[in-house]
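The chain contents come next:
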Amino acid sequence: MADKKKTDGEQLAEKLLSDHKHGGLTVSDKEIKAGNKFCEGYKKYLDAAKTEREAVIEAVKRAKEAGFEEFERGKKYKAGDKFYFVNRGKAIILGVMGSLSLDKGVRLAAAHIDSPRLDLKQNPLYEELEFALFKTHYYGGIKKYQWATIPLALHGVIVKGNGECENVNIGEDEKDPVFCVTDLLPHLAQQQMKRTPAELIKGEELNILIGSMPFKDDKVSKKVKLNIMKILNEKYGIVEDDFMSAELEAVPQFKAKDVGFDRSMIGAYGQDDSSCAYTALEAILDVKKPAHTCLTILTDKEETGSDGNTGLNSSYLKYFIDDLARAYGLCGHNVISASECLSADVNSGVDPTFSDVTENMNASKLNYGVVATKFTGARGKSGTSDASAEFVGRIRKLFDDNDVLWQTGELGKVDLGGGGTVAQFIANLDMDVIDVGVPVLCMHAPFEITAKLDIYMAYKAFSVFFAD
Ligand code: MN
Ligand code: MN
C-alpha cells in the first residue's frame with residue numbers, strides 16, 4: 001500500500017526538527033545482538049576489576065594477550081606497535097603507534113578506574129561488645145545509608161614490616177565469607193529516623209563487622225579482636241601494625257547481573273566508570289594500524305578530585321607523551337596541543353521515579369546511545385572545561401558518519417547540583433576534549449544500572465575516534 005503523501009508541515013518538521021528516538025526503535029536487530037554479546041565480556045570485567053589495582057592487572061593481562069609490550073622510554077616505535085605503561089599499579093596508559101608523525105597529535109580516550117567505596121582506616125581493628133569491627137573512611141561521594149546491610153568484599157594490599165606486599169581479595173569467591181556494615185532495626189530506629197538522610201548512617205558509623213568468636217584465654221582482654229588477628233596472621237602473615245601500611249577497600253560483593261525481564265540492562269558495582277574504562281580498553285585493544293597514535297588512559301583518583309600521583313591532575317600523562325615525543329626529537333607540548341581527547345565518563349540518566357531533578361530536554365536517557373556532554377561543573381558552569389562548538393561539531397559529525405547512536409547530556413537541572421570529570425585536567429594541558437560516556441541510573445550506589453545498547457555504543461564511539 002502506498003504511503004499517504006506527507007503534508008507540507010510534516011515534511012518541514014522532518015527536515016527541520018530534531019527527532020531522537022529510543023535506540024531500540026532505530027538500531028538494527030543485528031547491532032542490538034552484537035551489543036548484547038559485547039556486554040557478556042563487560043560483565044566478566046566488572047567482576048574482575050572492582051578496584052583501580054585490579055583494573056590495571058586486568059588491563060595488563062588483556063593487553064599482553066593482544067600483543068602489547070611494556071613501554072620503553074626512548075624507543076622509537078613503528079606504526080602499529082603496541083605498548084603499555086603502568087603508573088604505580090593504579091593507572092595505565094595503553095598505546096598503538098600511528099602512521100602519522102606524533103606532531104599531528106594523538107587520539108586519547110581517558111576513563112577512571114576508581115569507584116566509590118569504603119577504605120579501611122590505618123588503625124582499623126577494634127572490639128566492641130564482643131564483636132570485632134573495622135573502622136572506615138568512605139572514598140568518593142556516597143549516600144552512606146546505601147552501604148549498610150549489604151554484603152561487602154575486601155580488596156587491596158598490605159605492606160608488611162619487612163617490606164613484603166600481600167594482595168587481599170576476600171569475599172568474591174563463592175566459598176569466601178563476606179562483611180557488613182550494620183544498621184538499626186526499624187522497631188528501635190525512632191531517634192535515628194529523625195536524623196537528616198545525610199546522617200542516617202554517619203561516617204563514623206560505617207564500621208564493618210568482621211567477627212564474633214573469642215580466643216579462649218582469660219588472661220587476654222580483647223579476645224575477639226585477638227582471634228581475628230590470629231586468623232589474619234595465619235592467612236597473610238600480618239600483625240596489627242601492618243594495617244598502617246595497607247590499602248584495604250571494602251566494595252559491594254555482588255556480581256554483575258542482567259536487569260529486567262528483557263535483559264536490556266546491567267546492574268553492577270562500579271559502572272562509574274568501569275562502563276567507560278572497559279569500552280575504552282576494548283577499543284584500544286582492537287585498534288589496527290591507525291593514522292594517529294591512539295592512547296587509552298585508565299586513571300585513578302577521579303572520585304576524590306583527581307589529585308595525587310595516579311590522578312589526572314598530576315603530570316604523569318604529560319610526562320608520558322613527552323617521553324613518546326622525545327624519541328622522535330619532538331617536543332611533548334606540541335604533541336599535546338595537537339591532540340584530541342574523549343574524556344570517557346558516565347552521565348546521570350533520567351530516572352523514571354526521580355525525573356524531577358533532570359531537565360528532560362537536555363538530560364541523557366538510557367538506550368539513547370553514548371552521551372556527549374559539552375560541559376559539566378555546577379553553579380554557572382564552574383569547574384568544567386566546556387568543549388568548544390567546533391570540537392563538539394567535529395565529534396558529532398564523526399559519530400553521525402559512523403552510525404554511532406549518541407545523545408547530548410547534562411548533569412541535572414541548573415543549580416540543583418552538578419559534578420566533574422577528568423576533562424578539565426586534560427583541557428588544561430591545552431588539548432581539545434569532550435566528555436563521552438554511558439548514561440547511568442543510581443550512580444555511586446553499590447548497584448548501578450546501565451543499558452547494554454549504550455555500553456556498546458560507547459565502545460563504537462571510542463573505536464571510530466581511534467580509526468579516524
Ligand atoms: Mn565517573
Ligand atoms: Mn563518579
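Residues numbered from 1 in each chain as written. Chains lettered and ligands numbered in written order. Predicted model: local features only at pLDDT ≥ 70, side-chain atom pairs only at ≥ 80, totals over all residues. Heavy atoms only, no water.

Here's the deal with helix H5 (residues 223-236)
A rise of 1.5 Å per residue sets the reference length of H5, with its 14 residues, at 20 Å; its end C-alpha atoms lie 20 Å apart and thus fit the reference within 8%. Taken residue by residue, H5 has Val224, Lys225, Asn227, Ile228, Met229, Leu232 and Tyr236 as its buried positions. On its buried side, H5 packs onto strand S5 (117-128), strand S6 (131-139), strand S8 (165-170) and strand S10 (208-211). Phi turns positive one or two residues past the end of H5, at Gly237, with a value near 70°. (Helix = DSSP H or I, 4+ residues; strand = E, 2+ residues; numbered from the N terminus. Expected span 1.5 Å × (residues − 1). Buried < 20%, exposed > 50% of the residue type's maximum accessible area, 1.4 Å probe, protein only. Contact = heavy atoms within 4.5 Å.)

Considering the sheet that holds strand S15 (residues 340-344)
Spatially, 9 strands are ordered S1-S2-S3-S14-S4-S15-S19-S17-S18 in an open sheet, and the strand pairing comes out mixed. Two strands in the sheet have a free side with no partner beyond their single neighbour: strand S1 (69-70) and strand S18 (406-408). Judged from the 6 bridges that link them, strand S2 (residues 82-87) and strand S3 (residues 91-96) form a sheet pairing that is antiparallel. Note that in S3 the partner of Asn87 across the bridge is Ala91. Against the sheet, helix H4 (residues 52-65) engages S2, S3 and strand S14 (293-299), with an angle of about 20° to S3. (Pairing = 2+ DSSP bridges. Axes fitted to C-alpha atoms, helices over the stretch in contact; angles between N-to-C directions.)

Describing the coordination of the manganese ion (ligand 2)
Six octahedral donors around a metal ideally sit at 90 or 180 degrees from one another, while four tetrahedral donors ideally sit at 109.5 degrees. Taken together, the protein donors to the manganese ion (ligand 2) comprise Asp272 (OD), Glu303 (OE), Glu303 (OE) and His444 (NE2), at separations of 2.0 to 2.7 Å. Read in sequence order, the donor residues for the manganese ion (ligand 2) give the motif D-x30-E-x140-H. The metal-metal distance between the manganese ion (ligand 2) and the manganese ion (ligand 1) is 3.4 Å, with Asp272 serving as a donor to both. Highlighted residues: Asp272 in helix H6 (residues 271-285) and Glu303 in the loop between S14 and helix H7 (316-326), separated in sequence by 31 residues. The exposure classification of Asp272 matches that of Glu303, with both residues buried. (Donors = N, O, S within 2.8 Å, 3.2 Å for Na, K, Ca; no water.)

Regarding the nonpolar core
Leu94, Ile284 and Phe399 are the most contacted members of the largest nonpolar core, which totals 63 residues. If you tally residues by element for this core, the top one is helix H11 (residues 452-467), at 11 residues. One finds Leu152, Ile170, Val181 and Ile238 within the second-largest nonpolar core, a separate group that totals 33 residues. (Core = buried A, V, L, I, M, F, W, Y, C linked by side-chain atoms within 4.5 Å.)

Considering the layout of surface pockets
By rolling a water-sized probe across the atoms, one finds the places where empty space is left. Here the largest pocket defines a volume of roughly 1100 Å³. For the largest pocket, the lining is made up of 35 residues, of which Ser348, Leu411, Gly418, Met443 and His444 are closest to its centre. Counted by class, the lining of the largest pocket contains 12 nonpolar, 15 polar and 8 charged residues. As a volume, the second largest pocket reaches approximately 500 Å³. As for the second largest pocket, its lining consists of 16 residues, of which Asp19, His20, Trp406, Gln407 and Thr408 are closest to the centre. Contributions of two or more residues to the lining of the second largest pocket are made by helix H9 (389-401) and S18. (1 Å grid on protein atoms, 1.4 Å probe; cavity = no way out; pocket = protein on both sides within 12 Å on 5 of 7 lines; lining within 4 Å. Points joined across faces, edges and corners; volume = space filled by probe spheres on them. Nonpolar A, V, L, I, M, F, W, Y, C, P; charged D, E, K, R; others polar.)

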